[in-house]
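Next come the chains, spelled out residue by residue.
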Amino acid sequence: MTSATSSPSPEARAMTSTKDPIILLSTILRLTEERIIPLTRAGVSSGSKLFGAAILSRSSLKPLTVSTNNERESPLLHGEINCIQQYFALPPASFPEQGQEEEEGYRIPTKDTIFFATHEPCSLCLSGITWAGFNEFYYLFTYEDSRDLFAIPYDIEILEDVFRVKAPGDTEESMKRRPLYNRRNKFFVGRSLIELLEEAALSAEETDKWKKEIERVKGLYNGLSETYQEGKRGGVESASVWK
């Protein structure tokens, strides 16, 4: 039993954030298609990358903040960081004392939220998520997707070249097998949407249906990537150094 003075681990909070993983999955996919992608479409047209993010209420799954990359303004305004900045600029919610419901335009404690990143967070965004106190996040695309599908390899390269330190006895092969970061730790639990789907323990038919839906939403980013790459080739201005 958890004592009155202790708090559950990130793992425990993540397991109890929603009774049905499919409800969370469908909410995130719909939010991506209806809210994040339109913002991202405008962003990539002006030179920003195609990474977006959202913060949802853990209890109601209502979106509280939705954002996208704004590297045209600053190289630090990745989708996740921009989302966090916008979230903390909101006034704190005053419910339930005044009967105010959770809704966009107000901020609740980060422990009561779920963070979603369209792409697996880079080292900068992992730090932002951690320091802001978000203890549960999900992502649609992996690092490998960002590198292979969108020609953006820097998430992996920075983690490998800056943070991965060779220990005595390590070989190049053992280094490559080492995870880039701890997805389950005392600060947060990070999982892909595919992992969330696997938790639902659905029938093979239902699982296949949701995998196809995930792939459909992922496919909506193909055109966004083409727009971004065309802009990069054409010399569209951006504050980002690594494009």
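What counts as what
Residues numbered from 1 in each chain as written. Predicted model: local features only at pLDDT ≥ 70, side-chain atom pairs only at ≥ 80, totals over all residues. Heavy atoms only, no water. Core = buried A, V, L, I, M, F, W, Y, C linked by side-chain atoms within 4.5 Å. Buried < 20%, exposed > 50% of the residue type's maximum accessible area, 1.4 Å probe, protein only. Helix = DSSP H or I, 4+ residues; strand = E, 2+ residues; numbered from the N terminus. Contact = heavy atoms within 4.5 Å. Salt bridge = Lys/Arg side-chain N within 4 Å of Asp/Glu carboxyl O.

Asker: Just checking my understanding: could you explain the nonpolar core for this structure?
Answerer: Nonpolar side chains tend to gather and get buried jointly when the protein is soluble and globular. In this structure, Leu25, Leu140, Leu193 and Tyr221 are the most contacted members of the largest nonpolar core, which totals 32 residues. Every element with two or more residues in this core is listed here: α2 (21-45), β1 (52-57), β3 (113-119), β4 (136-141), α8 (193-199), α9 (204-219) and α10 (221-233). Tallying contributions element by element places α2 first for this core, with nine residues. Ignoring anything within four residues of it in the chain, the contact list for leucine 193 reads Leu25, Ile28, Leu29, Phe116, Tyr138, Tyr139, Leu140 and Ile214.

Asker: It is not clear to me how the pattern of salt bridges should be interpreted in this structure. Could you clarify?
Answerer: Should their charged atoms come close, side chains of opposite charge can pair. Across all of its chains, the model carries 16 salt bridges by this definition. Across the salt bridge formed by glutamate 136 and arginine 191, the nearest N and O atoms sit 3.7 Å from each other. Of this pair, glutamate 136 sits in strand β4 while arginine 191 sits in strand β5 (residues 189-192), and the two are 55 residues apart along the sequence. On the accessibility criterion, arginine 191 (2% relative accessible area) is buried. Between aspartate 208 and lysine 212 there is a salt bridge; the shortest N-O distance is 3.4 Å. In this pair, aspartate 208 and lysine 212 both sit in helix α9, four residues apart, roughly one turn of the helix.

Asker: Sorry if this is basic, but what is going on with the environment of serine 225 here?
Answerer: Within the element layout of this structure, serine 225 appears in helix α10. Sequence-wise, serine 225 and phenylalanine 150 are 75 residues apart; in three dimensions their C-alpha atoms are separated by 6.0 Å. Discounting residues that sit within four places of it in the chain, serine 225 has contacts with Leu50, Leu149 and Phe150.

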